[in-house]
Structure formats: C-alpha cells, structure tokens
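Chain by chain, the residues run as shown.
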Amino acid sequence: MSSERGLSKKEYLRKLSGVDEVLKLSEIQLMMELYPREVIVDATRLVIDDLREHIMAMEDENKLAQVDLSREAMVPQVKRRVEEIVSPSLRRVINATGVVIHTNLGRSILSQEAVRGLLEVASHYSNLEFDLKKGERGSRYSHLTELIKTLTKAEDAMVVNNNASAVLLALAAFAKGREVIVSRGELVEIGGSFRIPDVMRESGAILHEVGATNKTYISDYRSAINENTALLLKVHTSNFKIVGFTQEATIEELVELGKEFDLPVMYDLGSGVLVNLPSTQLAEEPTAASALKAGVDVITFSGDKLLGGPQAGIIIGKTRYISRLKRYPLARAIRVDKFTIAALETTLRAYFDPQKAFEEIPTLRMIMTPLEELRRNAGKLAEMLRVKVSDRFGIEVKDEISRAGGGALPLAELPTSVVSMTPKFCSTVEAEQKLRGNIPPIIVRVKEEKILLDVRTILPEEYNEIVEGFGKIESRES
Ligand SMILES: *Cc1c(COP(=O)(O)O)cnc(C)c1O
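Because the structure is a prediction, the values reported are computed rather than measured.

A. Fine view of the overall build of the chain. When you go through the chain residue by residue, the secondary structure sums to 20 helices and 17 strands. With the C-alpha coordinates aligned to their principal axes, the bounding extent of the chain is approximately 90 × 55 × 50 Å. Across the 478 residues of the chain, 49% fall into the buried class. Taking contacts inside the chain between residues at least 6 apart in sequence as the whole, the part at least 24 apart equals 75%. About 24,100 Å² of surface is accessible on the chain, with carbon and sulfur atoms providing 51% of the total. Taking the average location of the 64 positive side-chain charges in the chain and that of its 69 negative ones, the two points are 2 Å from each other.

B. Fine view of the packing of aromatic side chains. Counted under the stated rule, the structure contains 3 aromatic pairs. Ring plane angle 85° and centroid distance 5.1 Å describe the contact between phenylalanine 393 and phenylalanine 470, whose orientation is recorded as edge-to-face. Note that phenylalanine 393 is positioned in strand β13 (residues 393-402) and phenylalanine 470 in helix α20 (residues 463-472), a separation of 77 residues in sequence. Residue class for phenylalanine 470 comes out buried when judged on its relative accessible area of 0%. Taken together, the aromatic side chains of Phe393, Phe425 and Phe470 make up a single cluster linked through ring pairs. It is lysine 380 that lies over the ring of tyrosine 463; its NZ or CZ is 4.8 Å from the centre.

C. How the structure looks around the sheet that holds β13. Read from one edge of the open sheet, 4 strands run β13-β14-β17-β16, paired in antiparallel fashion. What marks the edges here is a single partner per strand, and that holds for β13 and β16 (445-447). The average undirected angle you get between the axes of adjacent strands in this sheet is 35°. Both strand β14 (residues 414-423) and strand β17 (residues 450-454) contribute to a ladder of 4 bridges, which runs antiparallel. Counted as the bridge partner of valine 418 is aspartate 454 from β17.

D. Structural view of the packing of helix α7 (residues 142-152) against helix α15 (residues 338-350). The interhelical angle for the contact between α7 and α15, taken along N-to-C directions, is 25°, at an axis separation of 10 Å. Classified by the angle their axes make, α7 and α15 are roughly parallel. The chirality of how α7 crosses α15 is left-handed. Residue-level contacts link His143, Leu144, Leu147, Ile148 and Leu151 of α7 to Ile341, Leu344, Glu345, Leu348 and Arg349 of α15. A breakdown of the residues in the contact of α7 with α15 according to their chemical character gives 7 nonpolar, 1 polar and 2 charged.

E. Main features of the pairing of strand β4 (residues 156-160). Counting buried positions along β4 yields 5 of 5 residues, so the element is predominantly enclosed. Going residue by residue along β4, you find Asp156, Met158 and Val160 tucked away on one face and Ala157 and Val159 tucked away on the opposite face as well.

F. Local environment of a nonpolar patch on the surface. Together, Leu46, Ile85 and Val86 make up a nonpolar patch on the protein surface, roughly 210 Å² of accessible area in all. Along the chain, isoleucine 85 turns up in helix α5 (residues 71-86).

G. Representation of the side chain of serine 402. Tracing the backbone through its elements, the reader meets serine 402 in strand β13. Here aspartate 454 takes part through its side chain, which lies 3.2 Å from a polar atom of the side chain of serine 402. Each residue touching serine 402, except ones within four places of it in the same chain, is listed here: Gly98, Ala412, Glu413, Leu414, Thr416, Arg445, Asp454 and Arg456.

H. The arrangement of helix α9 (residues 196-203) in detail. Every buried residue belonging to α9 is among Ile196, Val199, Met200 and Ser203, and all of these are buried. Angularly, the buried residues of α9 cover 100° about the axis, an arc narrow enough to put them on a single face. Those residues of α9 that are exposed and aimed more than 90 degrees away from the buried face are Arg201 and Glu202. Along its buried surface, α9 packs onto α8 (163-175), β5 (179-183), β7 (194-195), β8 (206-210), β9 (229-235) and β10 (265-270). Within two residues after α9, glycine 204 carries a phi angle of roughly 90°, on the positive side.

I. Main features of the sheet that holds strand β12 (residues 313-317). One open sheet holds the 7 strands; their spatial order is β4-β12-β11-β10-β9-β5-β8, and the pairing between them is mixed. Here the strands that pair on one side only, and so sit at the sheet edges, are β4 and β8. The average undirected angle you get between the axes of adjacent strands in this sheet is 25°. As paired elements, β4 and β12 share 5 bridges and run antiparallel to each other. Counted as the bridge partner of valine 160 is glycine 313 from β12. Running over the sheet, α8 touches β4, β5, β8, β9, β10, β11 (298-302) and β12 and is turned about 155° from β11.

J. Highlighting the pattern of salt bridges. Scanning the entire structure with this criterion turns up 32 salt bridges. With its nearest N and O atoms 2.7 Å apart, the salt bridge here joins aspartate 50 to arginine 81. On the criterion of sequence distance, the pair formed by aspartate 50 in helix α4 (residues 37-57) and arginine 81 in helix α5 is long-range, its members being 31 residues apart. Accessibility expressed as a relative area gives 37% for aspartate 50, which makes it partly exposed. For arginine 81, a relative accessible area of 23% translates into the label partly exposed. When the shortest N-O distance is used, the salt bridge between arginine 92 and glutamate 462 registers 3.4 Å. In this pair, arginine 92 is assigned in the loop between α5 and β1 (94-95) and glutamate 462 in the loop between β17 and α20, connecting sequence segments 370 residues apart. Here arginine 92 falls in the partly exposed class, since its relative accessible area comes to 43%. Each of the salt bridges in this network shares a partner with another, and the network as a whole consists of Glu129, Arg137, Arg140 and Arg335.

Rules behind the numbers
Residues numbered from 1 in each chain as written. Predicted model: local features only at pLDDT ≥ 70, side-chain atom pairs only at ≥ 80, totals over all residues. Heavy atoms only, no water. Helix = DSSP H or I, 4+ residues; strand = E, 2+ residues; numbered from the N terminus. Buried < 20%, exposed > 50% of the residue type's maximum accessible area, 1.4 Å probe, protein only. Contact = heavy atoms within 4.5 Å. Areas by Shrake-Rupley, 256 points an atom, 1.4 Å probe, with all protein chains shown as cover. Lys, Arg positive; Asp, Glu negative; His and termini not counted. Charge placed at Lys NZ, Arg CZ, Asp CG, Glu CD. Phe/Tyr/Trp six-rings, centres within 6.5 Å; stacked < 30°, edge-to-face > 60°. Lys NZ or Arg CZ within 6 Å of the ring centre and 35° of its normal. Pairing = 2+ DSSP bridges. Axes fitted to C-alpha atoms, helices over the stretch in contact; angles between N-to-C directions. Parallel < 35°, antiparallel > 145°, perpendicular 65-115°, else oblique. Left-handed = near helix turned anticlockwise from the far one by under 90°. Nonpolar A, V, L, I, M, F, W, Y, C, P; charged D, E, K, R; others polar. Patch = residues over 30% accessible without salt bridge, like charges linked within 9 Å, V, L, I, M, F, W, Y side chains within 5 Å. Salt bridge = Lys/Arg side-chain N within 4 Å of Asp/Glu carboxyl O. Polar contact = N/O pair within 3.5 Å; in protein donor to acceptor, adjacent residues only side chain to side chain. Arc of directions from axis to C-beta.

Here you go:
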C-alpha cells in the first residue's frame with residue numbers, strides 16, 4: 001500500500017529541495033552576514049542528507065506525508081547545524097559522575113595557581129630556554145628538574161609528553177633489540193590505548209614474560225636472565241587488582257636481583273603520588289619517593305593522574321640512567337611544551353607544603369573531601385533542585401561510592417553522597433541525553449533507572465547550572 005498521496009519513498013524523495021533552493025530563502029541569506037557561506041552550505045547539505053536518511057529508514061510509507069519536506073521547515077535545522085560547526089568542539093563539561101580522574105573528561109583539572117601560571121606564560125614571552133642569570137641559552141627542563149629532585153629526593157629527573165611516552169623512551173634507550181623481563185600479571189592495558197606489550201614492540205625491546213597471571217616469584221625473573229637481558233621492569237597494575245591466590249616479586253627483591261646482575265630496574269608507577277595520602281585505603285598507592293628509596297633505578301608516572309597537574313610523563317631516578325634518556329634522540333620528539341611546564345611547575349610547588357597541596361590541587365581535594373561535607377553539599381544541591389523541579393523529578397539524597405579513576409586505586413571505595421533524580425515524565429535515558437546536550441553538558445551517573453549526581457566532582461559554581469539544566473528538561477519536545 002502507498003501513502004495517502006500515493007507516493008513511494010523514492011517519489012517522495014524527489015520532492016526534497018536541493019541545497020541551492022534552500023540557500024535562496026531570505027532567512028538563510030540573512031545568516032550569510034553572520035557566518036561564512038561555506039559553513040552554511042555544508043550545514044544545509046547535512047540537513048538534507050539527514051532528511052533523506054530519515055525517509056529511507058521509515059518503515060511505514062503511510063507516514064511519509066507526516067515528514068515536512070518544505071524548505072522553510074529546514075531553516076531551524078540549518079541554524080542548529082551552523083551553530084554546531086562554528087562552536088568549539090572541545091568544551092568544558094560538568095562532571096557529576098564522582099570519578100575524580102576521569103580520562104574521558106580530561107583527567108585532572110588544574111589548581112587556580114596552575115591556571116594563573118599557565119596564563120602568564122601563554123600570553124607573554126618567557127624564559128623557556130633562556131638562562132636569566134647568565135644571559136645565555138638555557139634548558140626548558142631546568143624549570144622542573146631541581147623542583148622534582150627536591151620533592152622526590154631523586155638524583156635526576158626529566159619530563160616528557162605523557163607517561164606512555166616516558167615508558168617508550170626508557171624501553172628504547174635501555175633495551176632496543178634486547179630483552180625486558182616483565183611479570184605476566186603486569187602486562188596491563190590502560191584505557192584501551194596503552195598496552196605494555198604494544199609499547200614494548202614499538203620501542204624495539206623484546207618482551208620476556210615470566211610467571212603466571214596470578215603468581216610471579218623473584219626466582220622466575222632470575223631464571224629468565226640471559227646475556228641478552230637489558231632491563232627488569234615492574235608495572236603498577238593500576239586499574240585492576242588480582243586478589244586471592246597471588247604472589248608478586250617485591251620491589252626490594254627486584255632491586256637486589258638487578259644489582260647482582262648489573263641490570264637496571266624500572267618501575268612504571270602509573271599514577272605516581274607525591275605525598276602519603278592520609279587515609280588507610282588510599283595509603284596503599286606507592287609514592288614515587290618510596291619506590292625510589294627501595295632502590296629502583298628509573299621510575300615513570302603521569303602528571304595528570306593523582307599528581308593533579310597537566311598531562312605529562314615524569315621520569316626520576318639515577319643520574320647514570322636519566323642522563324642517557326636525556327641524550328636519546330627520541331626525547332626531542334616527545335618533549336613537553338611551555339604550557340605543560342608552566343602548569344606542572346606551579347602544581348609541583350604546592351607540594352612543598354602537603355597541607356597546601358590538599359587544599360589547592362583539585363584532584364587531591366576531591367579525593368579527600370570528608371563524607372560529612374559531601375552530605376552537606378548533596379543536601380544543598382537537592383534543596384536547590386526541589387525548589388525548581390520537584391514537580392517533574394523524584395529527588396533524594398543517598399550515600400553512594402565514588403571512584404578515584406584514572407587507573408588509580410582500583411579497589412578504593414570513596415564513600416560519597418549523591419542526589420538521586422527520578423524523572424516522572426520521561427525515561428532516565430532521555431533525561432540523561434538531554435543533560436548531556438545541555439550547555440554546559442552535564443555528565444551524570446545512571447544507576448537502576450535513576451540519575452545520580454555525585455557532588456564529589458561538582459564545583460561550587462556548577463550547582464546553579466545543574467539546576468538550570470534540569471529546569472530545561474520539560475517534555476519530549478523540548
Ligand atoms: C596511566 C598509565 C600509563 C599511561 O600514562 P599516560 O600519562 O596516560 O600516558 C602507563 N602506565 C601505567 C601503569 C598507567 O597507570
């Protein structure tokens with residue numbers, strides 16, 4: 001059977017206007033004064049393509065007549081598409097998930113001090129590679145090296161683009177064409193894009209796996225050592241933990257073995273905390289200083305995980321090894337830019353006073369926020385929401401658990417308080433989508449048909465924006 005007007009999909013599609021016809025509309029002509037012509041042409045083409053796809057996907061030809069094919073009906077869509085094209089793609093979002101180091105949402109946010117440092121260097125010339133005392137060329141690394149040495153008590157330090165590149169550099173420089181011994185239980189994948197075996201292949205080092213997934217003894221490393229062995233590697237399993245019947249070689253044992261065979265020991269620490277976290281379950285995370293004290297030769301960790309700074313890979317250890325890394329040609333390809341240096345330097349300076357670090361660095365502050373404070377804040381947010389949207393949502397405050405994220409502290413359960421929102425007029429899925437489409441987008445947790453707002457990661461100035469975002473979710477049409 002065909003539609004009311006007796007047209008098939010194909011016949012109906014023939015009535016669809018072409019780009020040129022739409023462009024002739026006066027409203028579209030007016031837009032040309034505000035936006036580049038090419039952008040409007042592209043947007044129009046996308047709108048027409050969408051309509052065509054929509055019609056082709058329709059199962060009931062009887063409903064074809066309900067699709068408005070007029071040029072005029074396309075105008076709002078074209079406007080929306082143009083807005084999408086011209087507005088920045090990378091934008092701020094509100095993280096209401098409670099996951100502090102959320103890799104998809106940009107991991108750590110910077111402290112106000114780090115932002116100021118960054119801004120200053122971004123908008124002015126700087127002494128990036130200029131020695132102000134001597135009046136001659138200097139090194140970009142000088143701004144960070146002494147600082148990291150003081151904070152970690154390391155002999156030497158270096159900073160590269162991220163931890164993945166730090167591991168790549170070290171493996172290439174120490175073990176190209178030679179063997180690296182790693183425990184099977186530590187061949188981890190982090191966030192899908194970083195796998196130890198893949199990085200090892202790229203570096204030209206040869207992976208020599210030892211032990212079983214759950215158990216690796218120091219004797220396994222010992223019997224794997226041969227004339228082609230270049231490095232003993234330990235990898236922090238970051239985002240998972242093997243529990244139960246397990247065994248791993250300790251750092252101390254590896255260091256001893258390394259000394260015996262004159263082999264360097266490297267530790268990919270992943271998150272790399274610089275201070276002891278003052279809580280029992282968080283204290284499990286090894287600090288860079290403790291690993292160093294155990295005698296590890298080279299340690300690598302990220303700048304934007306628990307450290308709470310910008311994306312960076314920090315390498316610390318014995319001068320004998322770090323100086324080789326600094327000279328290795330690949331180092332130039334993965335060097336840090338001035339923005340990273342500025343933000344990292346300011347972040348690191350806060351660590352001279354650990355109390356200050358906990359107050360100033362958002363990642364640390366969020367992880368350490370006491371439950372009492374979180375409950376108070378959730379109560380406040382719930383109250384603000386009740387005033388505005390209690391007719392449309394069931395609103396409750398509940399205790400929940402948040403995670404540190406970023407592959408740090410996989411088992412740590414951070415007790416938190418959430419505002420649980422139950423939509424009365426639409427599905428949770430729909431509400432979640434609308435919040436995601438809000439300006440700024442509000443990213444939430446969904447659990448058992450409820451939208452959870454975890455106040456741990458919500459900034460004070462975002463409470464109003466969240467209330468407004470919920471206020472805009474009105475009906476299916478909005
Ligand atoms: C996160 C992580 C990496 C990758 O660090 P990036 O800074 O994201 O490059 C490497 N190793 C471990 C153990 C990690 O946890």
